[in-house]
Amino acid sequence: MIQGIRTTQGSIVGVGLGPGSQDLMSVRADRLIRQATHIAYFRKKGRKGHARSIVEGLLAPDVIELPMEYPVTTEIPVDDPRYNALLSSFYEQSVAQLIEMANAGCDVVVLCEGDPFFYGSFMHLYTRLLNQVSVSVVPGITGMSAAWTATGQPITWGDDILTVLMATLPEQALAERIAQTDALVVMKIGRNLNKLRRALVTAGREHQAWLIEYAAMAQQRVLPLSDLDPLAEGTQNVPYFSIVLIHGNGRRP
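Only a predicted model underlies this, so the values are computations on that prediction, with no experimental measurement involved. (Residues numbered from 1 in each chain as written. Predicted model: local features only at pLDDT ≥ 70, side-chain atom pairs only at ≥ 80, totals over all residues. Heavy atoms only, no water.)

**Student:** Lay out the overall build of the protein chain in plain terms, naming residues and giving numbers.
**Tutor:** Secondary structure summary: the protein chain contains seven helices and 10 strands in total. Taking the principal axes of the C-alpha coordinates as reference, the protein chain spans close to 65 × 45 × 35 Å. For the protein chain, with 253 residues in total, the buried portion stands at 45%. For the protein chain, long-range pairs separated by at least 24 residues make up 72% of all intrachain contacts whose partners lie at least 6 apart in sequence. Of the roughly 13100 Å² of accessible surface on the protein chain, a fraction of 51% belongs to carbon and sulfur atoms. Each charge sign in the protein chain was given a centre, from 22 positive and 24 negative side chains, and these centres are 1 Å apart. (Helix = DSSP H or I, 4+ residues; strand = E, 2+ residues; numbered from the N terminus. Buried < 20%, exposed > 50% of the residue type's maximum accessible area, 1.4 Å probe, protein only. Contact = heavy atoms within 4.5 Å. Areas by Shrake-Rupley, 256 points an atom, 1.4 Å probe, with all protein chains shown as cover. Lys, Arg positive; Asp, Glu negative; His and termini not counted. Charge placed at Lys NZ, Arg CZ, Asp CG, Glu CD.)

Rendered as structure tokens:
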């Protein structure tokens, strides 16, 4: 138990930070972060953590921090049984720490990149915290919203169907989904870039695709995917914060 804290049970709130720029956070997120006495956030071992970097300069000087360090990220394949086992144990341990803090009367703000309920790690805490402590969520602007805004073109019109894919899917599944949709967002690209490019070619849509790196961040880059030379050094992978998208072209007045 944490000593010197009020004994009424505290709460856990997952706060969406948006795509990575402080001025794209909601007013509610900003208020909760500035008032927080305890914050928790995910990070890779040895790193500061991107979520923590986003809120730099907003935190109270005496805030208590709980870094939750992933036991694995890309070191082993996601279909390796060890991957789920390691992450499941990690989430259980993190939840135990958060519950202990809440039971000691602490209100904990969990920092979440993007929106906590959109492919975010916080979801794995949320489902385990339900019915144990008070837990809530503050939504945030998604990275994909910042990405299509960065292109200066609407992503959907009229009756367009928007499909969101993970580049970790099998190549054939990617090609089929890409061919079927009007508008497209592809996330989790990284080492899957060449596979994704082949799928786009198979679907006949490679020249419609855009690559957005670090949307809404200082190092943002926006370009047609076809402008990225697949043979150039350093173009086999893209940064973690990268999204490929295709704009819809549906019904309009």
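Structure shown, so let's carry the discussion forward.
**Student:** Describe the sheet that holds strand β7 (residues 183–187), listing the residues and the values that go with them.
**Tutor:** Pairing is mixed in the open sheet, where five strands are placed in the order β6-β7-β10-β8-β9. The open sheet terminates on both sides in strands that have one partner only, identified here as β6 (162–166) and β9 (221–224). The sheet shows a mean angle of 20° between the axes of neighbouring strands, taken without regard to direction. In the sheet, strand β8 (residues 209–213) pairs with strand β10 (residues 242–246) via five bridges, with the strands oriented antiparallel. If you follow Leu211 over to β10, its bridge partner there is Val244. The sheet contacts of helix α5 (residues 143–150) involve β6, β7, β8, β9 and β10, and relative to β10 the element is tilted by about 60°. (Pairing = 2+ DSSP bridges. Axes fitted to C-alpha atoms, helices over the stretch in contact; angles between N-to-C directions.)

**Student:** Which residues make up the confidence of the model for the protein chain, and what values do they have?
**Tutor:** Overall, the prediction assigns the protein chain a mean pLDDT of 92, with 93% of residues at 70 or greater. Long-range and interchain partners of residues 1–5, a stretch whose pLDDT sits below 50, account for nine contacts in this model, where long-range means more than four residues apart. (pLDDT = per-residue confidence, 0-100.)

**Student:** Got a sec to walk through the pattern of salt bridges? Specific residues and values, please.
**Tutor:** A full pass over the atoms with the stated rule returns nine salt bridges. A salt bridge links Arg34 to Asp30; its shortest N-O distance comes to 2.8 Å. With Arg34 and Asp30 both in helix α1 (residues 27–35), this residue pair falls four residues apart, about one helical turn. Among the residues examined, Asp30 registers a relative accessible area of 22% and is labelled partly exposed. Put simply, Arg128 and Glu92 hold a salt bridge, and the shortest N to O gap is 3.1 Å. Note that Arg128 is positioned in helix α4 (residues 122–129) and Glu92 in helix α3 (residues 81–103), a separation of 36 residues in sequence. In this structure Arg128 comes out as partly exposed when scored by relative accessible area, which is 22%. Glu92 gets classed as partly exposed once you look at its relative accessible area, which sits at 42%. One salt-bridge network, held together by shared partners, links Lys48, Arg52, Glu56 and Glu65. (Salt bridge = Lys/Arg side-chain N within 4 Å of Asp/Glu carboxyl O.)

**Student:** I'd like a description of the side chain of Ser21, backed by residues and values.
**Tutor:** Looking at where Ser21 falls in the secondary structure, it is placed in the loop between β1 (11–16) and α1. Look at Ser21 and you get buried, because its relative accessible area is 15%. Within polar-contact distance, the side chain of Ser21 engages the side chain of Asp23 at 2.5 Å. (Polar contact = N/O pair within 3.5 Å; in protein donor to acceptor, adjacent residues only side chain to side chain.)

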